[in-house]
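# Topology and contacts: notes
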Amino acid sequence: YNAAMALWALVDGIKGQNGVNDVYSLLEVASLGGDDEYPLRPNNETFKTLLAVNSKIDDRFSFEQAKLWLHKIQQLSDSICGEAFIPDADSYNAALSLLSKKSNANSADNRYARSWLKHGHQYDGGFKSVNECSNTEAMDMAKWLLYAEESGVNPNVEMYEAVIQAWIKTGTKDGLLIAEEWAKRAILSSAPTRLETFHPIISSWALCQFDRAPDRVKEWIRQLSALSASKPHLKPDLNTLSAQIIAWRNVQAGMIAHLEKTKQSSSEENEMVFAAAQNCTQFLEEMLLDGSKLEGPQDAAALTTMFTHTIQAWGCASRFALLHPTSSVSLDTSHGVHEMLKIARLFYSRIDGDESKENAQHILCLIGKSYAEIASQMHQIDSAVDSDDATTCYFLLKFAHVERMLREYDFYSRKHFSQSSSFTSESKAVRHRLYKEILRGCAGVKSSTDDEHVVSVCKLIMDHLSWQNEQCHASGGSSGRVGVEEDITDIYVDIALLAKTVVKSPQERMYILTQVHTNASPFFSRRRKFDASSYATVDRARLMGAMRIAMGESESELTEPFLRNFDERPPKRRTRGNNAMSFVHEMMNKNRNNRR
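Fair warning: this is a prediction, and the values are worked out from it, not measured in the lab.

Cut-offs applied
- Residues numbered from 1 in each chain as written.
- Predicted model: local features only at pLDDT ≥ 70, side-chain atom pairs only at ≥ 80, totals over all residues.
- Heavy atoms only, no water.
- Helix = DSSP H or I, 4+ residues; strand = E, 2+ residues; numbered from the N terminus.
- Expected span 1.5 Å × (residues − 1).
- Buried < 20%, exposed > 50% of the residue type's maximum accessible area, 1.4 Å probe, protein only.
- Arc of directions from axis to C-beta.
- Salt bridge = Lys/Arg side-chain N within 4 Å of Asp/Glu carboxyl O.
- Polar contact = N/O pair within 3.5 Å; in protein donor to acceptor, adjacent residues only side chain to side chain.
- Contact = heavy atoms within 4.5 Å.
- Phe/Tyr/Trp six-rings, centres within 6.5 Å; stacked < 30°, edge-to-face > 60°.
- Lys NZ or Arg CZ within 6 Å of the ring centre and 35° of its normal.
- Axes fitted to C-alpha atoms, helices over the stretch in contact; angles between N-to-C directions.
- Parallel < 35°, antiparallel > 145°, perpendicular 65-115°, else oblique.
- Nonpolar A, V, L, I, M, F, W, Y, C, P; charged D, E, K, R; others polar.

### Describing helix 4 (residues 63-81)
- When the terminal C-alpha atoms of helix 4 are compared, their 26 Å separation across 19 residues agrees well with the 27 Å that a helix rising 1.5 Å per residue should span.
- Three or more residues of helix 4 are buried, namely Phe-63, Ala-66, Trp-69, Leu-70, Ile-73, Leu-76, Ser-77 and Ile-80. On an axial view of helix 4, the arc spanned by its buried residues comes to 140°, and they lie on one face. In helix 4, the exposed residues that point more than 90 degrees away from the buried face are Glu-64, Gln-75 and Ser-79.
- After helix 4 finishes, the residue Gly-82 shows a positive phi value of roughly 70°.

Listed below in structure tokens is the structure:
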């Protein structure tokens, strides 16, 4: 009965409430019938589930409803079980527990679905206007905690967390400030607080774009660090520390949105935008100098967040300076791009080369995501103004840096991972995103003097993919598959289309396209799965279409003969030998001819 009630409790609304109450009614009937020596009776778990679902009206917690049902449950216990139901902290928390779980599960923004920032997603983009329903629910939950205290029960940490999350759910500045007061009250209570207790508050400040938010984040981190002297489990981890960079990045986003909305900009505003990016870099450098080592996937994800947000901050500052230029050299796009590329050196220069295999996998992922973000931001900078008005292509200007990033990524990959078992779905996705972002940036290169550099990068990418495929094949072919093969057609299509832009001579272009087809061919689908690549797939028809476009209409007399070189020839029919079956086929053909 308890298991059935627990399942119904997971159903939202009146339907779940009725389901729980119906199952309880069956249990009540069963407990009153029969004269068994050990009769079936509701227990504490039964009553907690009843309280959990019936303390709400329209899926919102109601203090009066919870109080009413608590008294009703005490009466039921007296009449059916013959003993008093004495509620403890778990009983009071039962009325709030489903609410906090649903609040965490129903994050409105998929960006934060797997991140601790989901606890503060209501504040993403700024403070919200007052919502009376949310305010009323938060106040009722706070009253319930105080009611438990008045009844002689010490609230547990889950109750404090539920109240904090309820005030965070309002999305208002007042709600956040009240949540802070409840967090401070939790610290002073006897409840054993944990680091997660403070995540909703810290993540809300990090996302709200309020100009004082970074100071509030810093203050909470300082307080937690001080508390960790006597309570080591409260020491801020890398996830919590990353909130300072996230806060500055969001403050910058708020500044830019406001300035673009008001159509106002000056040296002072530009300086504020660049200062936010500089603060991100400063904190990142402090983190790396601190010598914190990666201790698992969570640390790796936190460090990746710090790098990508810092890179994005410099990318946004660079685009803003491009659209709103000033006479200051330290506030121009070139300075922003220079600072962004310095981020690529920050981490790579501190790699000692003695990492464990697990840490090496995390580091490779971090390098790949950071370098891909840099390539993406540089492309966005070049795309910020019309190509006809652009005087500088920053991707082209820093092409040597882009090529170096690609070579560094490949070098680290080959040094630490030479088996297909290391090619996880995530690592392949990161690798392929890096290639796509670099190729997207290459598409903006217009100068014919840099054709060779673009072609060189394209060859590097194809060589890297061929090496990956060879490692998969050497490690067992189709039996060594590492999951569903990823479709990398877009990479080869982009390379083929680049040939049209950067290679002017039709003969050289045909040579390049032949290399593209040759490198892509191991990834084509095969009739026999054993012959197919276990690393990735390429759609041959799409690639051929891109090659046709790359040849162009002006070379139409060369296009068809060139493409015919890549036609898939049907297998030759085997000639029938001089045997019994060939004689039978011959006689059958003669009979058909005679009938005609």
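### What about unusual backbone geometry?
- The phi dihedral of Asp-59 is positive, around 65°, even though this residue is not glycine.
- On the secondary structure map, Asp-59 appears in the loop between strand 1 (56-57) and strand 2 (60-61).
- With a relative accessible area of 37%, Asp-59 lands in the partly exposed category.
- Phi angles above zero are rare outside glycine, and Gln-209 is one such case at about 70°.
- For Gln-209, the location among the structural elements is in the loop between helix 9 (199-207) and helix 10 (213-227).
- Judged by relative accessible area, which is 25%, Gln-209 ranks as partly exposed.

### Let's talk about the environment of Ser-242
- With respect to the helices and strands, Ser-242 occurs in the loop between helix 11 (238-241) and helix 12 (243-262).
- It is 9.5 Å that separates the C-alpha atoms of Ser-242 and Phe-307, two residues lying 65 residues apart in sequence.

### A word on the pattern of salt bridges
- If you walk through the whole model with that rule in mind, you get 17 salt bridges.
- A salt bridge links Lys-169 to Glu-137; the shortest N-O distance between them is 3.5 Å. Placement of the pair is Lys-169 in helix 7 (residues 157-169) and Glu-137 in helix 6 (residues 132-150), with a sequence separation of 32 residues.
- Judged by its relative accessible area of 35%, Lys-169 falls in the partly exposed class.

### What to know about the side chain of Ser-31
- Looking at the secondary structure, you find Ser-31 in helix 2 (residues 13-32).
- Its relative accessible area of 3% is what places Ser-31 among the buried residues.
- Here the side chain of Ser-31 touches Glu-28 through a polar contact of 2.7 Å, landing on its backbone oxygen.
- Setting aside chain neighbours within four positions, we find Ser-31 in contact with Leu-40, Arg-41, Pro-42 and Ile-80.

### Describing the packing of aromatic side chains
- Tallied over the entire structure, the rule returns 18 aromatic pairs.
- Summarising the aromatic geometry, the rings of Tyr-123 and Phe-127 are spaced 6.0 Å apart at their centres and angled 90° between planes, so their arrangement reads as edge-to-face.
- For Phe-127, a relative accessible area of 28% gives the class partly exposed.
- For the pair Tyr-160 and Trp-182, a centre-to-centre distance of 6.4 Å together with 50° between the ring planes defines the contact as tilted. Linking Tyr-160 in helix 7 with Trp-182 in helix 8 (residues 173-188), this pair joins segments that are 22 residues apart in sequence. For the pair formed by Tyr-160 and Trp-182, the shared burial category is buried.
- Three or more aromatic residues joined by ring pairs make a cluster, and in this case those are Phe-61, Phe-63, Tyr-92, Trp-144 and Tyr-147.
- The ring of Trp-69 has Lys-72 lying over it, and the distance from NZ or CZ to the ring centre is 4.2 Å.

### With respect to the packing of helix 10 against helix 12
- For the pair helix 10 and helix 12, the least separation of the axes is 9 Å and the interaxial angle reads 170°. In terms of their interaxial angle, helix 10 and helix 12 are classed as roughly antiparallel. Only Ala-243, Gln-244, Ala-247, Trp-248 and Val-251 of helix 12 make contact with helix 10, whose side of the interface consists of Pro-214, Val-217, Lys-218 and Ile-221.
- Counted by class, the contact of helix 10 with helix 12 contains seven nonpolar, one polar and one charged residues.

### Quick notes on the side chain of Ser-413
- Assignment of secondary structure puts Ser-413 in helix 18 (residues 399-416).
- Take Ser-413: its relative accessible area is 1%, and that puts it in the buried class.
- A distance of 2.6 Å separates polar atoms of two side chains, one belonging to Ser-413 and the other to Arg-431.
- Look past the residues within four positions of Ser-413 in its chain and what remains in contact with it is Leu-364, Arg-431, Trp-467 and Gln-468.

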